Amino acid sequence: MRTAAEFNLYYATPDPWHISQARFRDKVLRRRLKRLIRGKSVLELGCGEGHLTDAVFDKARSVVGIDISDVAIARAKSLNLPNARFECADFLQKSFEGYDVITAIECVYYLSFQEREVFLKKVAKEHPGKILLLSGPIVDYRRHFSHRRLMLEFTALGFSPLKFSNLSVYWYPPSFRIVAHLIKLPLGHAFLDWIPESMVYQRLYVLRAPKPL
Ligand SMILES: C[S@@+](CC[C@H](N)C(=O)[O-])C[C@H]1O[C@@H](n2cnc3c(N)ncnc32)[C@H](O)[C@@H]1O
């Protein structure tokens with residue numbers, strides 16, 4: 001896991017990952033998540049500067065956004081979003097109890113394989129039978145974030161993968177960029193889930209945490 005100081009270094013410049021320009025990702029997330037989020041209480045892990053809180057989770061009844069970077073959290077608070085409050089913390093140290101939905105969009109791949117197992121077991125214990133939305137690159141990021149490995153891990157820990165959806169196309173080799181551009185055309189998003197796995201960069205998983213025995 002990276003430290004707060006390391007993430008604050010990223011946030012020395014606002015919007016370090018150019019997330020505010022990821023309008024296609026936001027559009028796809030909005031479409032895929034609206035029924036799961038509307039009217040619900042949401043715990044948003046790794047919320048950063050609050051971009052998704054504003055662009056995707058605005059229809060949630062309430063959102064608690066958690067991020068390890070106090071710099072990012074200060075920026076998120078300055079958005080003054082009516083349905084959200086933000087806290088600076090390592091999400092592995094926060095209680096996951098009492099929410100309808102937990103989201104972990106593009107933040108779990110910063111955990112080591114062992115930490116991810118701790119994270120999933122914590123979700124299973126503190127959020128049993130409820131929905132976890134998790135996303136990240138599945139290009140075997142740091143050799144432990146591939147689709148196959150994730151599915152094995154989810155099922156071994158008793159999670160039910162309800163659905164997965166592709167969010168973006170990998171830019172390498174350069175020939176993939178043609179497809180990456182085509183899916184951004186109007187209605188192109190409808191073909192996202194038809195793209196072969198080898199071309200997929202990021203994927204969203206809708207998971208149900210195991211119910212207590
Ligand atoms: C790539 S950014 C993604 C931000 C946002 N979820 C999005 O997709 O637009 C990853 C965020 O996760 C946060 N993060 C990573 N590990 C964390 C942890 N253990 N606890 C809290 N936040 C964490 C980082 O500080 C960073 O803001």
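What counts and what doesn't
- In every chain, residue numbers begin from 1 and rise along the written sequence.
- Two thresholds apply to this predicted model, a pLDDT of at least 70 for residue-level local features and 80 or more for giving and counting side-chain atom pairs, whereas whole-chain, interface and lining totals are computed over all residues.
- Each side-chain value is worked out from all heavy atoms of the structure, with water and hydrogens disregarded.
- Patch definition: residues above 30% relative accessible area lacking any salt bridge, with like charges linked at up to 9 Å and the nonpolar side chains Val, Leu, Ile, Met, Phe, Trp and Tyr linked at up to 5 Å.
- Each accessible area is a Shrake-Rupley estimate made with a 1.4 Å probe; only the visible protein chains count as cover when residues are assessed.
- When a carboxyl oxygen of Asp or Glu lies within 4 Å of a side-chain nitrogen of Lys or Arg, that pair is called a salt bridge.
- All tallies of charge rest on Lys and Arg as positive and Asp and Glu as negative; His and the ends of each chain are not included.
- Charge positions come from single atoms, namely NZ of Lys, CZ of Arg, CG of Asp or CD of Glu.
- Helix and strand definitions here come from DSSP, where helices need a minimum of 4 consecutive H or I residues and strands a minimum of 2 consecutive E residues; each element is numbered from the N-terminal end.
- In this scheme, a residue with accessible area under 20% of its type's maximum is buried, one over 50% is exposed, and one in between is partly exposed, where area comes from a 1.4 Å probe on protein chains only.
- Being near a molecule or strand, for a residue, means having at least one of its heavy atoms within 4 Å of it.
- Between N or O atoms, a polar contact is any pair within 3.5 Å; within protein, one atom must be a potential hydrogen donor and the other a potential acceptor, and residues adjacent in sequence are included only when both atoms are from side chains.
- Ten residue types, Ala, Val, Leu, Ile, Met, Phe, Trp, Tyr, Cys and Pro, are classed as nonpolar, four, Asp, Glu, Lys and Arg, as charged, and the remainder, Gly among them, as polar.
- Here, any two strands with at least 2 DSSP bridges between them count as paired.
- Lines fitted to C-alpha atoms define the axes, with helix axes restricted to the stretch in contact, and inter-axis angles between N-to-C directions lie between 0 and 180 degrees.
- Note on definitions: a residue-residue contact is assigned when non-hydrogen atoms from the two residues lie within 4.5 Å.
- Ring pairs are drawn from Phe, Tyr and Trp, using the six-membered ring of Trp, whenever the two centres fall within 6.5 Å, and their geometry is named by plane angle: stacked under 30 degrees, edge-to-face over 60, tilted for the rest.
- Remark: a charge is flagged as sitting over a ring if the NZ atom of Lys or the CZ atom of Arg is within 6 Å of the ring centre and within 35 degrees of the ring normal.

*Asks:* Any chance you could explain a positive patch on the surface here in plain terms?
*Replies:* A cluster of basic residues, K27, R31, K34, R35, R38 and K163, forms a positive patch on the protein surface. The element that contributes the greatest number of residues to the positive patch is helix α2 (residues 23-37), accounting for four residues. As for its placement among the helices and strands, K27 is situated in helix α2. According to the relative accessible area criterion, K27 is partly exposed, its value standing at 34%.

*Asks:* When you look at the site of the ligand in this model, what are you seeing that I'm missing?
*Replies:* If you check the shell around the ligand, you find 19 residues, and the closest are Y11, R25, G46, D67 and I105. In the model, an oxygen atom of the ligand is placed 2.8 Å from a nitrogen or oxygen of the R25 side chain. The backbone of I68 places a nitrogen or oxygen atom 3.1 Å from a nitrogen atom of the ligand. Here the ligand loses 99% of its free accessible area of 590 Å² to cover by the protein chains. Of the residues that constitute the shell around the ligand, the class distribution is 13 nonpolar, two polar and four charged.

*Asks:* Mind showing me how you'd approach the sheet that holds strand β7 (residues 200-208) here?
*Replies:* Backbone hydrogen bonds are what pair the strands of a sheet, in a parallel or an antiparallel way. Spatial ordering of the open sheet is given by β3-β2-β1-β4-β5-β7-β6, a layout of seven strands whose pairing is mixed. Looking at strand neighbours, the two that pair on one side only are β3 (84-88) and β6 (160-169), the edges of this open sheet. The average angle at which neighbouring strand axes cross in this sheet is 15°, direction not considered. The pairing of β6 with β7 spans eight bridges and is antiparallel. Its bridge partner lying in β7, V169 is registered against V200. Packing of helix α5 (residues 113-126) onto the sheet brings it into contact with β1 (41-45), β4 (101-105) and β5 (131-137), and relative to β5 it is tilted by some 160°.

*Asks:* What is the right way to read the side chain of T53 from this model?
*Replies:* In this fold, T53 is placed in helix α3 (residues 51-55). With sequence-adjacent residues up to four places away left out, T53 is seen in contact with E44, C47, D58, V63, L81, A84 and F86.

*Asks:* Teacher, can you tell me more about the pattern of salt bridges here?
*Replies:* Enumeration according to the criterion identifies 13 salt bridges in this entry. For R85, the salt bridge goes to E87, with nearest N and O atoms at 2.6 Å. R85 sits in the partly exposed class, given a relative accessible area of 47%. Across the salt bridge formed by E153 and R116, the nearest N and O atoms sit 2.5 Å from each other. With E153 in helix α6 (residues 147-156) and R116 in helix α5, this residue pair connects regions lying 37 residues apart in the sequence. According to the relative accessible area criterion, R116 is buried, its value standing at 1%. Counted as one network, the salt bridges with shared partners bring together R25, D26 and E106.

*Asks:* So what exactly am I meant to see when it comes to a nonpolar patch on the surface here?
*Replies:* On the surface, I178, L182 and L185 cluster together to form a nonpolar patch covering roughly 300 Å² of accessible area. One can find L185 in the loop between α7 (176-182) and β7.

*Asks:* What should I look at first to understand the packing of aromatic side chains in this one?
*Replies:* Working definition: an aromatic ring pair is given by the centre-to-centre distance plus the angle between the planes. By the definition in use, this model includes 11 aromatic pairs. Ring centres 6.0 Å apart and planes at 45° place the aromatic pair F164 and Y205 in the tilted group. Placement of the pair is F164 in strand β6 and Y205 in strand β7, with a sequence separation of 41 residues. F164 gets classed as partly exposed once you look at its relative accessible area, which sits at 38%. Its relative accessible area of 0% is what places Y205 among the buried residues. Members of the aromatic cluster, connected to one another through ring pairs, are F7, Y10, Y11, W17, Y109 and Y110. A cation over an aromatic ring shows up here: K122 above the ring of F96, its NZ or CZ 4.5 Å from the ring centre. Residue placement shows R149 over the ring face of F113; its charged tip is 3.9 Å from the ring centre.

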